[in-house]
Amino acid sequence: MSEPLDLPSLWSHEPHEHLKFRPGDLVADIDADATPGFRGNKQDAPTLQEERNVRFAELQEKLYANSRSGDHRSVLLVLQGMDTAGKGGIVKHVVGGANPQGIQYHSFGKPTPEELSHHYLWRIRKALPAAGHIGVFDRSHYEDVLIVRVHNLVPQEVWEPRYDEINAFERELTDSGTTLVKVAMFVSLAEQKKRLASRLQRPDKYWKYNPADIDERLKWPLYEQAYQAMLDRTSTPYAPWHIVPCNRKWYSRLAVTELLIEALKRLNMAWPPPDFDVEAEKKRLASA
Ligand code: AMP
Ligand code: MG
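Keep in mind that this is a model prediction, so the values were computed, not measured.

A. Molecular detail of the environment of Tyr209. Inspection of the secondary structure assignment puts Tyr209 in the loop between α10 (189-201) and α11 (212-218). For Tyr209 and Arg195, which are 14 residues apart along the polypeptide, the C-alpha to C-alpha distance reads 9.8 Å. The contact partners of Tyr209, leaving out residues within four places of it in the chain, are Leu196, Arg199, Leu200 and Ile214.

Next comes the structure, spelled out in structure tokens:
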């Protein structure tokens, strides 16, 4: 299937290459207003998004179809970001365009007492995507080296080894056929303030507001350190992080869509061949 004609002119570089975290990249230097690699403008976004959602949905269906004939591969989208970065918007506007049959969505909040009584990866393992599915993690095991580190919810001797443990866990996942698409979403402090203010102004947004969001906001320098350590220590060749600037929602959605499309394309899937004789079935149907 050929790519839409206007795509090469709208992206100057493959977004997955452009957005990939590179050693030495600094969280403090991220410009959340930026639109790396995108040459079009905001007006191009809705049409392009629609077009690319169709492409994404087609690839997702191929993944699902192949699992019916024994392909065990899956994809896991990991979304990490501060409140208001737009994780929910990605789920709604990017993933939402695909067939829900093949999507396994999980959001990870404060662990329940039962979850806390287990190893931190216990609830994560339970939520991993089945063969042919795209798992979507709205927050993830990375909370266990982010909020947990920032708030000293466990001592450093406990969270420190988690980086290596997470790498080993993700190695195991990729070895068993799960492609990870890890997306760190960055919104600026000023834009976060605007988005929180708008949640306080609209009754239809109150449900998204949590008074604790302000406490987290006040700890931004500590979060910056924690995000930096996360990127430095868990961006691996088999499960790299991508940095997505999120002040412009239209950009972050387009970017994550491209990251998903690229990951699915790399699976080199064809439609599964029939396990029946097509011509014979046509004849049978004609006289049925
Ligand atoms: P939200 O995503 O806005 O529903 O908020 C969920 C909250 O749960 C966030 O403040 C997360 O940081 C917090 N959370 C998620 N995972 C953990 C964890 N493992 N330990 C402590 N807090 C967590
Ligand atoms: Mg929240």
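B. Broad picture of the site of ligand 1. What surrounds ligand 1 is the set Asp83, Phe108, Gly109, Lys110, Pro111, Arg123, Arg139, Glu143, Asp144, Ile147, Val148 and Leu153. Take Arg123: an N or O atom from its side chain is 3.1 Å from a nitrogen atom of ligand 1. Take Arg139: an N or O atom from its side chain is 2.5 Å from an oxygen atom of ligand 1. For ligand 1, whose unbound accessible area comes to 500 Å², protein coverage reaches 73%. In the shell around ligand 1, the residues fall into five nonpolar, one polar and six charged.

C. View of the packing of aromatic side chains. Under the defined criterion, the tally for this structure stands at eight aromatic pairs. Aromatic pair Trp11 and Phe38: ring centres 5.1 Å apart, planes at 70°, arrangement edge-to-face. On the criterion of sequence distance, the pair formed by Trp11 in the loop between α1 (7-10) and α2 (15-19) and Phe38 in the loop between α2 and α3 (45-68) is long-range, its members being 27 residues apart. Here Trp11 matches Phe38 in class, with each residue buried. Three or more aromatic residues joined by ring pairs form one cluster here, namely Trp11, Phe38, Trp250 and Tyr251. For Arg162, the ring lying beneath its charged end belongs to Tyr120, and the centroid distance is 4.3 Å.

D. Representation of the nonpolar core. Counting residues in hydrophobic clusters, the biggest one holds 39 residues, and the most contacted among them are Leu77, Val183, Val244 and Leu264. Put simply, the parts of the chain that give this core at least two residues each are α3, β1 (74-81), α4 (87-93), β3 (134-138), β4 (178-186) and α13 (249-265). Here the element with the most residues in this core is α13; it accounts for ten residues. In contact with Val244, other than residues within four places in its own chain, are Leu19, Val183, Ala184, Met185, Phe186, Tyr251, Ser252, Ala255, Val256 and Leu259. Phe108, Tyr227, Ala229 and Met230 belong to the second-largest nonpolar core, a separate cluster that totals 34 residues.

E. Representation of the packing of α3 against α13 within the structure. The N-to-C vectors of α3 and α13 enclose an angle of 30°; their axes lie 9 Å apart at closest approach. Relative to α13, the element α3 is oriented roughly parallel. Seen along the crossing, α3 lies across α13 with a hand that is left-handed. For the pair α3 and α13, contact is made by Ala45, Leu48, Gln49, Arg52, Asn53, Arg55, Phe56, Leu59, Gln60 and Leu63 and by Trp250, Arg253, Leu254, Thr257, Glu258, Leu260, Ile261, Leu264 and Lys265, respectively. Partitioned by chemical class, the residues of the contact of α3 with α13 number ten nonpolar, four polar and five charged.

F. Fine view of the sheet that holds β3. Reading across from one edge, β2-β3-β1-β4-β5 is the order of the five strands in this open sheet, with parallel pairing throughout. Lying at the two open borders of the sheet, with one neighbouring strand each, are β2 (103-107) and β5 (241-245). The average undirected angle you get between the axes of adjacent strands in this sheet is 20°. Here five bridges tie β1 to β3, and the two strands are oriented parallel to one another. Directly across from Val78, in β3, lies its bridge partner Phe137.

G. Representation of unusual backbone geometry in the model. For Asn152, which is not glycine, the phi torsion reads 50° and is therefore positive. Its place among the elements puts Asn152 in the loop between α7 (147-150) and α8 (156-159). A positive phi angle, close to 50°, is found at Asn268, a residue other than glycine. Counting through the fold element by element, Asn268 comes out in the loop between α13 and α14 (278-286).

H. Focus on the pattern of salt bridges. On inspection of all chains with the given rule, the structure shows 19 salt bridges. Two residues, Arg125 and Glu172, come together in a salt bridge whose shortest N-O distance is 3.0 Å. With Arg125 in helix α6 (residues 122-126) and Glu172 in helix α9 (residues 162-175), this residue pair connects regions lying 47 residues apart in the sequence. A residue is classified by how much of its surface remains accessible, and Arg125, at 40% relative accessible area, is partly exposed. Two residues, Asp204 and Arg202, come together in a salt bridge whose shortest N-O distance is 2.7 Å. Taken together, the shared-partner salt bridges connect Glu17, Lys20 and Arg22 into one network.

Rules and cut-offs
Residues numbered from 1 in each chain as written. Chains lettered and ligands numbered in written order. Predicted model: local features only at pLDDT ≥ 70, side-chain atom pairs only at ≥ 80, totals over all residues. Heavy atoms only, no water. Helix = DSSP H or I, 4+ residues; strand = E, 2+ residues; numbered from the N terminus. Contact = heavy atoms within 4.5 Å. Near = heavy atom within 4 Å. Polar contact = N/O pair within 3.5 Å; in protein donor to acceptor, adjacent residues only side chain to side chain. Areas by Shrake-Rupley, 256 points an atom, 1.4 Å probe, with all protein chains shown as cover. Nonpolar A, V, L, I, M, F, W, Y, C, P; charged D, E, K, R; others polar. Phe/Tyr/Trp six-rings, centres within 6.5 Å; stacked < 30°, edge-to-face > 60°. Buried < 20%, exposed > 50% of the residue type's maximum accessible area, 1.4 Å probe, protein only. Lys NZ or Arg CZ within 6 Å of the ring centre and 35° of its normal. Core = buried A, V, L, I, M, F, W, Y, C linked by side-chain atoms within 4.5 Å. Axes fitted to C-alpha atoms, helices over the stretch in contact; angles between N-to-C directions. Parallel < 35°, antiparallel > 145°, perpendicular 65-115°, else oblique. Left-handed = near helix turned anticlockwise from the far one by under 90°. Pairing = 2+ DSSP bridges. Salt bridge = Lys/Arg side-chain N within 4 Å of Asp/Glu carboxyl O.

So far we have only geometry, and geometry alone does not tell us how the molecule works.
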